[in-house]
Amino acid sequence: MESFPVEIYEGLQHLSESVFVGLCEVLGTSQQVALRRETADIKDMMKRRLITYDGTIEMVSGSDREGFRLKGSDLDSMYWPNNHRVIMDMSQSEYYNSTNTTLILSDSSESPPGLTLLQLLTPTTNRDVQSACVRMNDRVYISSSIYRQLTCSAIMPNSSVHGPCGSGNIAGRVEYDTAHCFVCDVWPPSASSWIKRCHSWPDPEVVNDIVRNGCHFVAIGHPFGPHEYEEWRISFSRAEYKCVSATNHSQFLTYGLLKLFLKEVINQQSEETNELLCSYHMKTTIFWVIQQNTLPHWCPQNFLAGFWVCFKLLLKWVYEGICPNFFIPQNNLFLTKINGSAQYRLFLQLHELYKKGLACLLQSSSIRSNIIDVLYNPRAFICTDESFIMSELDFDVELFSTMNTVTDIVPDKHQYIKTIHLIEQWVDSRLTHCQVVMLQRFTTSVLQNTAVMLHNMCTNTGVNKQMYIADKMSCHMLKLAAKFGCVSDMLYIAMYYYKTLGYREALSVIEMTKVKLAQPCLMYRRHVDRERYTEAVGGQSWSIKMRQAVVDDIELDNQICYISELIPEQDSALQNRVPVLDIPVFVMLHFLEFLCYRHIDTTLSQAALDDLQVLVHHDRGRYVHGLDLDISWEILGICQQMTGNLQAALYSYQQSLAQYPWNSIQGATHRKIQDMIQLTPYQ
């Protein structure tokens, strides 16, 4: 930072190392962060290869995509129509086939830096785009405000408009932002100066990749301009992700510390200045500091020096009332909110923190203990080697909890055969260890769904020979999937046997699954006996660990019928655009056991129902996650209704409705309750 006596310098070095280690524990080691990014990249790559030309592309963005897992952070996603493209001038239209691509022209002639109007050049079949069109000066433009309103709840029902996004929360805990936008394959001319500034950072190959991937346009205009309701803002979300990925871990953790400092210190001090600054301002700060090469060496030993340089730049910006956008510096990010008396109050607040020096970080609950430890024991050895910060098991928990989200990315059931061909291509390419296990998990899901879909198709034909061949192929695919899938994937075989009336075969598989699920070494969600797990599979490959020690919930593609008893729930979920039913593995096990024993032994069937009832009534989140309670109560009600215990079934259905509607099955539940009321006149 500045010139200090040796003992003070060493103290700062120890303090920096301690905070660095603390943030590795809070925000993740470099390995963890790389894993989070890689799994997100793999999912994106798979989705884009499978999307139809007239489909909608999804891109996870924001903090989650960058590699953070902060409590309270939003889940951010961007969506855009694959067959619409924004161009920067008319000459670029020759690169597109206008018969199947809707062209939109960016017209920024009357807009402030970073904003533009979008003129519709060619016809569109997209209803939301059609409805958002307005006419100005004999030209047709897409209104950002109308488009934002129309698409607000397209992904998550009952969302509310927040900035350019549709926002809400899941179960009152996790907030989300969904932004519907348009993509442009060309780097905007207004950001051309950024390319020239990139002398030292990012590297040329990163810059070229960023420029080659263009930008997006999100639905929000300048609040003080004449075209507030028609303008669109240029979004560099993908470019920002590439820049964050190009940071070293000290730089990344500095960005994380700025976010924590904003949340835990700045925003906690005064209601008047609360939320004047946002996470995007922190990101802009770290980008400028890195690119201007203000700190030559970013490492654990001078970690706090990096934070202090960023904080001083932020303070300078607030004093001047100017925060220049990293890509378009003429776009002042403070223009609409941080000015006048609000700017003055914020500056005074930050200046008070500045006068305290690095001691201001003691107000951050996330790292306070790391600072105090060094102050009490200044000569203690601090190990910044990440292999000592994070164990093999912790890394496995991170991987397998992230990996489970890859099973539901096939957008349409008719694409499963195409997906198998794509998997063949991916297998032949060079893959990292992470990509291998992700592909393994994905392939398991594809084989399971293809097997059931194949059986359904041939059953509808009624041709015995075709049904026999399909049955053999389906069984083979399900057994193959179980061989390299999770421990719980055997239940898909049991489901298939039940569907094809092989009740004893299904029960045999269920018994084998029970034995496997009783192993003390298993990892289910983030629950694991550390010692038993390490004894059983420590040091093994991720592939072996997944097959022998990982349990996952049962996901049913709502386009495919697995069990006829769940068709109403799947139909209800589909109507609400929810692609899969997510069923806790032990709920599904008892459900299948109950269904099969009904055809063999009613006493054992009742015993299975009793086990299911105890699980749903008394589990406290160990085996039935809070978000899965809607389907768990629903399945219990289905079983009770089948046994004729209508009063108990009615109670279970009412309990299902009282839960957060994670699986969106309320339509089916309401219909079942109506049926129950008609059958129980005393209600």
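Residues numbered from 1 in each chain as written. Predicted model: local features only at pLDDT ≥ 70, side-chain atom pairs only at ≥ 80, totals over all residues. Heavy atoms only, no water.

(A) Quick look at the overall build of the protein. When you go through the protein residue by residue, the secondary structure sums to 28 helices and 17 strands. Taken over C-alpha atoms, the radius of gyration comes to 28 Å for the protein, in line with the 26 Å a tight globule of 683 residues would show. Projected onto its principal axes, the C-alpha coordinates of the protein cover approximately 80 × 75 × 60 Å. Across the 683 residues that make up the protein, the buried fraction comes to 54%. Across the protein, every contact between residues at least 6 apart in sequence was considered, and the portion connecting residues at least 24 apart equals 69%. Surface exposure of the protein reaches about 30,800 Å², of which carbon and sulfur atoms provide 52%. (Helix = DSSP H or I, 4+ residues; strand = E, 2+ residues; numbered from the N terminus. Rg over C-alpha atoms; globule rule 2.2 N^0.38 Å. Buried < 20%, exposed > 50% of the residue type's maximum accessible area, 1.4 Å probe, protein only. Contact = heavy atoms within 4.5 Å. Areas by Shrake-Rupley, 256 points an atom, 1.4 Å probe, with all protein chains shown as cover.)

(B) View of the sheet that holds strand 15 (residues 550-551). What the 3 strands build is an open sheet, ordered 14-13-15; its pairing is mixed. If you trace the sheet from one side to the other, it starts and ends with strand 14 (527-528) and strand 15, each paired once. Bridge count for strand 13 (residues 523-524) against strand 15 is 2 bridges, and the pairing is parallel. What sits directly across from Tyr 524, in strand 15, is Val 551. (Pairing = 2+ DSSP bridges.)

(C) Fine view of the pattern of salt bridges. For the structure shown, the criterion picks out 22 salt bridges. A salt bridge links Glu 398 to Arg 36, with the nearest nitrogen and oxygen atoms 2.8 Å apart. Here Arg 36 lies in helix 2 (residues 30-50) and Glu 398 lies in helix 15 (residues 392-403), a separation of 362 residues in the sequence. No difference in accessibility class separates Glu 398 from Arg 36, as the two residues are buried. Here Asp 209 and Lys 242 are joined by a salt bridge, their closest N and O atoms 3.0 Å apart. Pair noted here: Asp 209 is in helix 7 (residues 204-212) and Lys 242 is in helix 8 (residues 237-245), with a separation of 33 residues, a long-range link. For Lys 242, a relative accessible area of 28% translates into the label partly exposed. Several salt bridges converge on common partners, so that one network encompasses Asp 41, Asp 44 and Arg 65. (Salt bridge = Lys/Arg side-chain N within 4 Å of Asp/Glu carboxyl O.)

(D) Representation of helix 15 within the structure. When the terminal C-alpha atoms of helix 15 are compared, their 16 Å separation across 12 residues agrees well with the 16 Å that a helix rising 1.5 Å per residue should span. Across the 12 residues that make up helix 15, a large majority, 9, are buried. All of the buried residues in helix 15 are Leu 393, Phe 395, Asp 396, Val 397, Glu 398, Leu 399, Phe 400, Thr 402 and Met 403. (Expected span 1.5 Å × (residues − 1).)

(E) Quick peek at the packing of aromatic side chains. Counted under the stated rule, the structure contains 30 aromatic pairs. Ring geometry for Trp 187 against Phe 327: centres 5.9 Å apart, planes inclined by 75°, an arrangement best described as edge-to-face. Of this pair, Trp 187 sits in the loop between strand 10 (174-184) and helix 6 (192-197) while Phe 327 sits in the loop between helix 11 (303-320) and helix 12 (340-355); the two residues are 140 residues apart in sequence, bridging distant segments of the chain. Of the two residues, Trp 187 and Phe 327, neither departs from the other in class, the shared state being buried. With 5.5 Å between their ring centres and 80° between their planes, Phe 261 and Phe 311 make a pair best called edge-to-face. You can see Phe 261 sitting in helix 9 (residues 249-269) and its partner Phe 311 sitting in helix 11, a full 50 residues away along the chain. Just as Phe 261 is buried, Phe 311 falls in that class too. Through a chain of ring-to-ring contacts, three or more aromatic side chains come together here, namely Trp 187, Trp 194, Trp 201, Phe 236, Phe 287, Trp 288, Phe 326 and Phe 327. Sitting over the face of the ring of Tyr 241, Arg 65 holds its NZ or CZ atom 4.5 Å from the ring centroid. (Phe/Tyr/Trp six-rings, centres within 6.5 Å; stacked < 30°, edge-to-face > 60°. Lys NZ or Arg CZ within 6 Å of the ring centre and 35° of its normal.)

(F) Seen up close, the pairing of strand 12 (residues 232-235). With 2 bridges connecting them, strand 5 (residues 115-120) and strand 12 associate as antiparallel partners. Within the sheet, the bridge partner assigned to Leu 115 lies in strand 12 and is Arg 233.

(G) Inspection of unusual backbone geometry at higher detail. Pro 202 follows Trp 201 through a cis peptide bond whose omega is -5°. In this structure, Pro 202 sits in the loop between helix 6 and helix 7. In this structure, Arg 525 is a non-glycine residue whose phi angle is positive, near 55°. Residue placement: Arg 525 occurs in the loop between strand 13 and strand 14.

(H) Looking closely at the environment of Trp 187. Under the relative-accessibility criterion, Trp 187 is labelled buried at 8%. In the structure, Trp 187 is positioned 28 residues away from Cys 215 in sequence and 6.3 Å away in space, judged by C-alpha atoms. Beyond its immediate chain neighbours, meaning those up to four positions away, Trp 187 contacts Ser 192, Trp 194, Ile 195, Ile 210, Val 211, Gly 214, Phe 236, Ala 239 and Phe 327. At 3.1 Å, the side chain of Trp 187 forms a polar contact with the backbone oxygen of Ala 191. (Polar contact = N/O pair within 3.5 Å; in protein donor to acceptor, adjacent residues only side chain to side chain.)

(I) Highlighting the confidence of the model for the protein. Residues at a pLDDT of 70 or more form 96% of the protein, whose mean pLDDT is 91. Counted against residues more than four places away or in other chains, residues 1-9, with its pLDDT under 50, gives 6 contacts. (pLDDT = per-residue confidence, 0-100.)

(J) Summary view of the side chain of Asp 628. Structurally, Asp 628 can be placed in the loop between helix 25 (602-618) and helix 26 (629-643). Taking the relative accessible area as the measure of exposure, Asp 628 reaches 2% and is therefore buried. Setting aside residues up to four positions removed in sequence, Asp 628 forms contacts with Arg 525, Asp 553, Asp 582, Pro 584, Trp 662 and Asn 663.

(K) Spotlight on helix 5 (residues 144-151). Within helix 5, the full set of buried residues consists of Ser 144, Ser 145, Tyr 147, Arg 148 and Thr 151. Along the long axis of helix 5, the arc covered by the buried residues comes to 165°, so they all point the same way. (Arc of directions from axis to C-beta.)

(L) A nonpolar patch on the surface, seen in detail. Judged by side-chain polarity, Leu 362, Ile 372, Leu 375 and Tyr 376 come together as a nonpolar surface patch covering roughly 420 Å² of accessible area. Classification of Leu 362 as partly exposed rests on a relative accessible area of 30%. (Patch = residues over 30% accessible without salt bridge, like charges linked within 9 Å, V, L, I, M, F, W, Y side chains within 5 Å.)

(M) Layout of the nonpolar core. If you look at the biggest cluster of nonpolar residues, it comprises 103 residues, and the most contacted ones within it are Phe 400, Leu 556, Ile 583 and Met 588. If you tally residues by element for this core, the top one is helix 17 (residues 433-461), at 12 residues. When neighbours within four sequence positions are excluded, Met 588 is seen to be in contact with Leu 491, Met 495, Ile 554, Leu 556, Ile 563, Leu 566 and Ile 583. Judged by nonpolar contacts, the second largest core, of 90 residues, contains Phe 20, Ile 104, Ile 210 and Cys 215. (Core = buried A, V, L, I, M, F, W, Y, C linked by side-chain atoms within 4.5 Å.)

(N) How the structure looks around empty space enclosed by the protein. Going through the model one piece at a time under the given rule, you end up with 4 cavities of 30 Å³ or more. Of the pockets and cavities examined, the second largest cavity occupies roughly 50 Å³. Every residue along the wall of the second largest cavity is listed here: Ile 42, Met 45, Met 46, Trp 426, Leu 431, Gln 435 and Leu 439. Of all elements in the fold, only helix 2 and helix 17 reach the threshold of two or more residues within the lining of the second largest cavity. Considering each element in turn, the lining of the second largest cavity owes the most residues, 3 residues, to helix 2. For the lining of the second largest cavity, a count of residues per class yields 6 nonpolar, 1 polar and no charged. (1 Å grid on protein atoms, 1.4 Å probe; cavity = no way out; pocket = protein on both sides within 12 Å on 5 of 7 lines; lining within 4 Å. Points joined across faces, edges and corners; volume = space filled by probe spheres on them. Nonpolar A, V, L, I, M, F, W, Y, C, P; charged D, E, K, R; others polar.)

(O) Representation of the pairing of strand 3 (residues 84-87). Burial of strand 3 is two-sided: the residues His 84 and Val 86 facing one way and the residues Arg 85 and Ile 87 facing the other way are all buried. Here strand 3 pairs with strand 4 (residues 102-107) via 4 bridges, running parallel. Along strand 4, the bridge assignment pairs Ile 87 with Leu 105.

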